[in-house]
Amino acid sequence: MKIAITSEGNSLESKIDSRFGRCAYFVIHDTNTKTTDFFANPARDASDGAGPKAVEFIASKGVTKVVASEFGGKAKAILDRLHIEMQQENDKSVAEIIKQF
């Protein structure tokens, strides 16, 4: 399973980013291969529609679950439609979230 985690930075010690669509990075962790990749969020500076654009990006990476502090209404609707599971977490590091899986 591939899990996307919103992150304030590009290290395992980085904290989860409170914003989904405008997070700084997406950390994609593959629970099968135990690999972790960091991607700058291409939707971060979008003039509008950052949430849907972020969903499009993580879906293109084969993500089936996403962990963030909060999700906007438009992003939630698209994630539901694509059957991408949402999990809310606060004040944890990327490493702490990965350990859950």
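Data block above holds the structure.
Rules behind the numbers
- Residues numbered from 1 in each chain as written.
- Predicted model: local features only at pLDDT ≥ 70, side-chain atom pairs only at ≥ 80, totals over all residues.
- Heavy atoms only, no water.
- Pairing = 2+ DSSP bridges.
- Helix = DSSP H or I, 4+ residues; strand = E, 2+ residues; numbered from the N terminus.
- Axes fitted to C-alpha atoms, helices over the stretch in contact; angles between N-to-C directions.
- Buried < 20%, exposed > 50% of the residue type's maximum accessible area, 1.4 Å probe, protein only.
- Parallel < 35°, antiparallel > 145°, perpendicular 65-115°, else oblique.
- Left-handed = near helix turned anticlockwise from the far one by under 90°.
- Contact = heavy atoms within 4.5 Å.
- Nonpolar A, V, L, I, M, F, W, Y, C, P; charged D, E, K, R; others polar.

S.K.: Please explain the sheet that holds strand β5 (residues 85-88) as it appears in this structure.
M.R.: Paired through their backbone hydrogen bonds, the strands of a sheet run either parallel or antiparallel. Spatially, the five strands line up as an open sheet ordered β3-β2-β1-β4-β5, and their pairing is mixed. If you trace the sheet from one side to the other, it starts and ends with β3 (35-40) and β5, each paired once. When strand polarity is set aside, the average angle formed by the axes of neighbouring strands in this sheet is 20°. Where strand β1 (residues 2-7) meets strand β4 (residues 65-68), three bridges bridge the pair, whose relative direction is parallel. What sits directly across from A4, in β4, is V66.

S.K.: Explanation requested: the pairing of β1 in the structure shown.
M.R.: Successive side chains on a regular strand alternate, one facing one side of the sheet and the next facing the other. Of all the six residues making up β1, five are buried; the element is thus mostly covered by neighbouring parts of the structure. Sheet topology places β1 next to strand β2 (residues 25-30); six bridges connect them, and they run antiparallel. In the strand pairing of β2, T6 is matched with F26.

S.K.: Help me understand the packing of helix α1 (residues 50-60) against helix α2 (residues 73-81) in this model?
M.R.: A pair of packed helices is captured by two measures, namely the crossing angle of their axes and the spacing between those axes. Packing of α1 against α2 brings their axes to within 8 Å, and their N-to-C directions diverge by 30°. The orientation of α1 relative to α2 falls into the category roughly parallel. Crossing of α1 over α2 shows right-handed handedness. Side by side, α1 and α2 meet where G51, P52, V55 and I58 of the first sit next to K74, A75, I78 and L79 of the second. The residue makeup of the contact of α1 with α2, split by class, is six nonpolar, one polar and one charged.

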